[in-house]
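Summary of structural features
Each chain, letter by letter, is given below.
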Amino acid sequence: MSRAARRGAVSVNWGLGCCAWISIFLLGAGVFGGATQQERRAAGERGKTTVEAAISSADLDALGGQECEIVLATGKRISETTLLRIVRGKDKQTVRTVVYRKGDSKTTRKYRPNALKRLVVAGKAYDVTADLALRAFVLVDAAEKRRLVETRLKASGKKLWKPLSSEETVEIVKEQKAFLQTVAKAFPSLRMRLYETRFFLFFSDMPADQVGLYRTELDSMNVELGKAFGVPAGENIWRGKAVFVVFVEQAAFLRFEQQFMQRDPAEFRSTQGVCHQSSTGNVVVACYRGQDPTYLAQVLVHETTHGYLHRFMSSARVPSWLNEGIAEWVSAMVVTRSRVPQIRQRKAIDRLKQTSLIGPGFFGSRIEGWHYGVASRITDSLIKANPDAFRWWVVSIKEGVDWTEGLRLAYGYSPAGLIQAYGRSVGVPQIRMQ
Ligand SMILES: [Zn+2]
């Protein structure tokens, strides 16, 4: 790989805040622990950061003596401070300590960079960002970083989602409700009712007493995904709200798909739910309850996770296997009464013990049904080994970095190496891709 490619890839922003730096390198000792620190270090040029849009040591020094607003990793802001100086680390572009003074106070105070999210110095924003290779923090010019990410995303036809004002959200929710009214008109014999929460419009003909539990589980899903990806609690990532159309009967679900989503019902004969993700950012999850309310809960949380990943940061696609893996991970965590993800993991292992064959489609654009168990087990292991590296990796994908490159930097694996590590962890040491 060229140096340019490597530099581009290392340069991922640590992401929306949460810099639990200490744990970045406390990798698990298991097979999913990932690369050694020496290997990480070797990936970067010694002493020089490869983080995208990181400012130079001279620029770091020049920030001293200016008015500053400090944004802590917790989200708290400290304004009207003077940034006295930045004490640099072993590698000269890195930050060891930020020394400041509050207001007219004579007292000098300081912060370690892991407590910080952002500095706004003389009106210009700098994100405090981890450098995986140097094992230190650097300051990233936020505007420059955004330009680079936008350019990279644009080259593959993707974009950062535009933040929506509360007025815009109100307008979009009105449109979404109008859409649901047209759905109600198309199903006059069903008693469709709207249940509205802070982030969701849940439209269903199920009895009201059955809807409550699903709502609670969807709320927990939103919280868990927010924690996993560093989205502050209470932030609405949806365009308007996430829309759910949930029928009791399969026939109504199939007709809805045909009439409102222009989909061939034959596609969905053996599917209980689907997540429609529009290029506008709109997300509609459609399902039917059938005879198994627990399975519906699993499907709802799984499908909504796809919508969440569509709306997180940008329209860049998370690869199919990882998208399914994350959806299964969240549903296992939230819908604890369903054992579906665990059963799928077990079945995949049983199959691999017979065949040792995964098939090249696993890293393709749409994985096979039995692959869910493999994807979900790998995702669980990666999150467990290092949740911070996992967040860093998903953020990098959303910033337009190739997922294989991010995987190498975050965990030290190639895709093939990841499969082998998975194989070893489940007692199938020689897995073949084809
Ligand atoms: Zn899925």
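These lines cover the structure that appears in this document, whether it is placed above or below. Not measured: the values here are computed from a predicted model.

Conventions adopted
Residues numbered from 1 in each chain as written. Predicted model: local features only at pLDDT ≥ 70, side-chain atom pairs only at ≥ 80, totals over all residues. Helix = DSSP H or I, 4+ residues; strand = E, 2+ residues; numbered from the N terminus. Buried ≥ 20, exposed ≤ 12 C-beta atoms within 10 Å, placed from the backbone. Contact = placed C-beta atoms within 7 Å. Axes fitted to C-alpha atoms, helices over the stretch in contact; angles between N-to-C directions. Left-handed = near helix turned anticlockwise from the far one by under 90°. Nonpolar A, V, L, I, M, F, W, Y, C, P; charged D, E, K, R; others polar. Parallel < 35°, antiparallel > 145°, perpendicular 65-115°, else oblique. Pairing = 2+ DSSP bridges.

**A short note on the overall build of the chain**
Scanning the chain from terminus to terminus reveals 14 helices and 12 strands. Each of the 434 residues in the chain was classed as buried or not, and the buried ones make up 43%. Counting contacts in the chain only where the partners sit at least 6 residues apart, residues at least 24 apart contribute 66% of the total.

**Observations regarding the packing of helix 6 (residues 208-229) against helix 8 (residues 293-311)**
Two numbers describe how helix 6 lies on helix 8: the axes approach to 10 Å, and their chain directions differ by 35°. Helix-helix and strand crossings are classified by hand; for helix 6 and helix 8 the assignment is right-handed. For the pair helix 6 and helix 8, contact is made by Q210, Y214, E217, L218, M221 and L225 and by P293, A297, L300, V301, T304, T305 and Y308, respectively. Classifying every residue of the contact of helix 6 with helix 8 by side-chain character gives nine nonpolar, three polar and one charged.

**Here's the deal with the packing of helix 9 (residues 320-334) against helix 11 (residues 371-385)**
In contact at an axis separation of 7 Å, helix 9 and helix 11 are set at 75° when each is read in the N-to-C sense. Taken together, the axes of helix 9 and helix 11 lie roughly perpendicular to each other. Residues W321, L322, E324, G325, I326, E328 and W329 of helix 9 lie in contact with helix 11, whose contacting residues are H371, Y372, A375, S376, I378, T379, D380 and I383. Its residues assigned to classes, the contact of helix 9 with helix 11 shows eight nonpolar, four polar and three charged.

**A few points about the sheet that holds strand 12 (residues 283-288)**
Pairing within the open sheet is mixed, and its five strands lie in the order 8-9-10-12-11. The outermost strands of the open sheet, each flanked by one partner alone, are strand 8 (193-196) and strand 11 (273-277). Ignoring strand direction, the axes of neighbouring strands in this sheet form an average angle of 15°. When strand 11 meets strand 12, the two strands line up antiparallel, connected through five bridges. Looking at strand 12, one finds that C275 is bridged to V285. Running over the sheet, helix 5 (residues 166-186) touches strand 8, strand 9 (200-204) and strand 10 (242-247) and is turned about 5° from strand 9. On top of the sheet, helix 6 reaches strand 8 and strand 9; it is set at about 150° to strand 9, its chief contact.

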